[in-house]
Amino acid sequence: MRVLRSVLAGTLLAIAAAAVGAPPAPPAGVRIEHAWIRWLPASLPAAAYAEIVNDSAANLRITGASSPAYGMAMLHHSRLAHGDSTMEMIDHVDVPAHARVKLAPGGYHLMLSHATRSIKPGDTVKVTLEFAGGAKLQADFPVLPANASGPSH
Ligand SMILES: [Cu+2]
């Protein structure tokens, strides 16, 4: 009876997790560090930066992002072309096994636009990274002023 009860409890937990739509997690050892958002005035798009650490044995690919605070989140890559900084939309960022990839000014970043509420420096925004295969990983991104160069830690 006790065994049956624990099997039942496990099943109910699984059903509950499915009911709230909990997405599969990436492998253990994958984490988001030094996350931040550079706030810009008015309704200008904001760039989100972080370091994606992959301490797992799996090669991972980031294929998208989302945030409840923004209607749109895109993967972008900035680069210098003929002395001008330009950015383009990309459809993935690879994070090889046992490697770390920086989303940083002048390189990869998330472009957040169509804010769903008023956002200002000092706020914290949840951003979810989406990986190929469906895994998702969420982190808190502190919103820093336009002249910030990164989180203080
Ligand atoms: Cu951009």
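Structure first, text after, so check above.
The present account deals with the structure reproduced in this document. (Residues numbered from 1 in each chain as written. Predicted model: local features only at pLDDT ≥ 70, side-chain atom pairs only at ≥ 80, totals over all residues. Heavy atoms only, no water.)

**Considerations on the coordination of the copper ion**
Piece 1. Looking at the metal site, the copper ion is ligated by His-76 (ND1), Met-87 (SD), His-109 (NE2) and Met-111 (SD), spaced 2.0 to 2.3 Å from it.
Piece 2. Seen from the copper ion, its four donor atoms lie at angles of 101 to 118°, and the figure they make is tetrahedral.
Piece 3. For Met-87, a relative accessible area of 46% gives the class partly exposed.
Piece 4. Judged by relative accessible area, His-109 falls into the buried class, the value being 4%. (Donors = N, O, S within 2.8 Å, 3.2 Å for Na, K, Ca; no water. Tetrahedral: all angles 85-135°; square planar, octahedral: opposite > 155°, others 65-115°. Buried < 20%, exposed > 50% of the residue type's maximum accessible area, 1.4 Å probe, protein only.)

**Notes on the pattern of salt bridges**
Piece 1. Summed over all chains, the structure comprises nine salt bridges.
Piece 2. Linking Arg-79 and Glu-88 is a salt bridge whose minimum nitrogen-to-oxygen distance equals 3.5 Å.
Piece 3. Since its relative accessible area comes to 45%, Arg-79 is described here as partly exposed.
Piece 4. You can call Glu-88 partly exposed: its relative accessible area is 32%.
Piece 5. Asp-123 is the salt-bridge partner of Lys-120, the closest N and O atoms lying 3.2 Å from each other.
Piece 6. Residue class for Lys-120 comes out partly exposed when judged on its relative accessible area of 49%.
Piece 7. The network of salt bridges with shared partners includes Arg-31, Glu-33, Glu-51, Asp-55 and Arg-100. (Salt bridge = Lys/Arg side-chain N within 4 Å of Asp/Glu carboxyl O.)

**Some points on the nonpolar core**
Piece 1. Grouped together as the largest cluster of nonpolar side chains are 30 residues, with contacts concentrated most on Ile-32, Ile-37 and Phe-141.
Piece 2. Residues in contact with Phe-141, not counting those within four places in the same chain, are Ile-32, Ala-35, Trp-36, Ile-37, Ala-48, Tyr-49, Ala-50, Asp-123, Thr-124, Val-125 and Val-127. (Core = buried A, V, L, I, M, F, W, Y, C linked by side-chain atoms within 4.5 Å. Contact = heavy atoms within 4.5 Å.)

**What about the environment of Val-30?**
Piece 1. Relative to the helices and strands, Val-30 resides in strand β1 (residues 30-38).
Piece 2. The exposure class assigned to Val-30 is buried, which follows from its relative accessible area of 10%.
Piece 3. Counting along the chain gives 27 residues from Val-30 to Ala-57, while the straight-line C-alpha distance between them is 10.0 Å.
Piece 4. Among all residues touching Val-30, those that are not within four sequence positions of it are Val-53, Asn-54, Ser-56, Leu-60, Phe-131 and Leu-137. (Helix = DSSP H or I, 4+ residues; strand = E, 2+ residues; numbered from the N terminus.)

**Brief notes about the packing of aromatic side chains**
Piece 1. Enumeration over the complete set of coordinates arrives at one aromatic pair.
Piece 2. Ring plane angle 45° and centroid distance 4.9 Å describe the contact between Trp-36 and Tyr-49, whose orientation is recorded as tilted. Here the residue Trp-36 occupies a position in strand β1, and Tyr-49 occupies one in strand β2 (residues 46-54), the gap between them amounting to 13 residues. For the pair Trp-36 and Tyr-49, one class covers both residues: buried. (Phe/Tyr/Trp six-rings, centres within 6.5 Å; stacked < 30°, edge-to-face > 60°.)

**Details of the pairing of strand β4 (residues 70-81)**
Piece 1. Where β4 meets strand β8 (residues 108-115), seven bridges bridge the pair, whose relative direction is antiparallel. Across the sheet, residue His-76 finds its bridge partner in β8, namely His-109.
Piece 2. Both β4 and strand β5 (residues 84-89) contribute to a ladder of six bridges, which runs antiparallel. When the bridges of β5 are listed, Arg-79 appears paired with Thr-86. (Pairing = 2+ DSSP bridges.)

Any functional reading would require information that these geometric values do not contain.
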